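Analysis of the macromolecular model
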Amino acid sequence: MRCAQFRTALSARLDGEAAGLPDGRLDGHVARCAGCRDWLEQAERLRGRVAASAADGPSADWSASLLARLEEDGPGGPQR
């Protein structure tokens with residue numbers, strides 16, 4: 001099995017989906033393969049950074065702009 005298949009399974013597991021491989025096999029490969037171990041560490045860091053930035057939500061300016069556009073468009077959508 002190639003590393004790409006293990007990385008696909010690791011990605012699924014990070015997303016809370018079924019990995020498609022037994023955990024022991026996946027964990028064993030990561031323990032032996034420095035490339036996949038590095039990939040997993042980077043993926044975990046990236047996931048954490050994305051989650052942290054998403055927790056902040058959109059900026060106040062973006063929210064105000066959206067609300068203004070919605071008020072202009074009215075409940076039926078854009079007026080044409």
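Residues numbered from 1 in each chain as written. Predicted model: local features only at pLDDT ≥ 70, side-chain atom pairs only at ≥ 80, totals over all residues. Heavy atoms only, no water.

**Quick notes on the overall build of the protein chain**
- Secondary structure summary: the protein chain contains four helices and zero strands in total.
- Along the chain direction, N to C, the helices and strands of the protein chain fall in the order α-α-α-α.
- A buried classification covers 20% of the 80 residues belonging to the protein chain.
- Put simply, the protein chain shows about 6100 Å² of open surface, and 52% of that area lies on carbon and sulfur atoms. (Helix = DSSP H or I, 4+ residues; strand = E, 2+ residues; numbered from the N terminus. Buried < 20%, exposed > 50% of the residue type's maximum accessible area, 1.4 Å probe, protein only. Areas by Shrake-Rupley, 256 points an atom, 1.4 Å probe, with all protein chains shown as cover.)

**A short note on the packing of helix α1 (residues 3-14) against helix α2 (residues 23-32)**
- Across the interface, α1 lies against α2 with an axial gap of 11 Å and an inter-helix angle of 120 degrees. α2 is crossed by α1, and the crossing has left-handed handedness. Only Asp23, Arg25, Leu26, Asp27, His29 and Val30 of α2 make contact with α1, whose side of the interface consists of Cys3, Phe6, Ala9, Leu10 and Arg13.
- When its residues are assigned to classes, the contact of α1 with α2 shows six nonpolar, one polar and four charged. (Axes fitted to C-alpha atoms, helices over the stretch in contact; angles between N-to-C directions. Left-handed = near helix turned anticlockwise from the far one by under 90°. Contact = heavy atoms within 4.5 Å. Nonpolar A, V, L, I, M, F, W, Y, C, P; charged D, E, K, R; others polar.)

**A look at α1**
- Here α1 is twelve residues long and its end C-alpha atoms lie 16 Å apart, about the 16 Å a rise of 1.5 Å per residue gives.
- Of the residues one or two after α1, Gly16 is the one with positive phi, at around 80 degrees. (Expected span 1.5 Å × (residues − 1).)

**Here we look at the confidence of the model for the protein chain**
- Counting all residues, the mean pLDDT for the protein chain is 87, and 89% of those residues have values of 70 or more.
- Taken element by element, the protein chain is modelled with least confidence in helix α4 (residues 60-73), mean pLDDT 85, and with most confidence in α2, mean pLDDT 96. (pLDDT = per-residue confidence, 0-100.)

**Remarks on the environment of Pro22**
- Relative to the elements of secondary structure, Pro22 occurs in the loop between α1 and α2.
- It is 9.6 Å that separates the C-alpha atoms of Pro22 and Ala9, two residues lying 13 residues apart in sequence.

**Quick notes on the environment of Ala9**
- Mapping Ala9 onto the fold places it in helix α1.
- Spatially, the C-alpha atoms of Ala9 and Gly20 are 6.2 Å apart, while their sequence positions differ by eleven residues.
- Excluding its chain neighbours within four sequence positions, the residues that come into contact with Ala9 are Ala19, Leu21 and Leu26.

**Description of the pattern of salt bridges**
- Within the structure shown, the criterion is met by two salt bridges.
- With its nearest N and O atoms 2.7 Å apart, the salt bridge here joins Asp27 to Arg13. Note that Asp27 is positioned in helix α2 and Arg13 in helix α1, a separation of 14 residues in sequence.
- Taking the relative accessible area as the measure of exposure, Asp27 reaches 40% and is therefore partly exposed.
- Each of the salt bridges in this network shares a partner with another, and the network as a whole consists of Arg13, Asp23 and Asp27. (Salt bridge = Lys/Arg side-chain N within 4 Å of Asp/Glu carboxyl O.)

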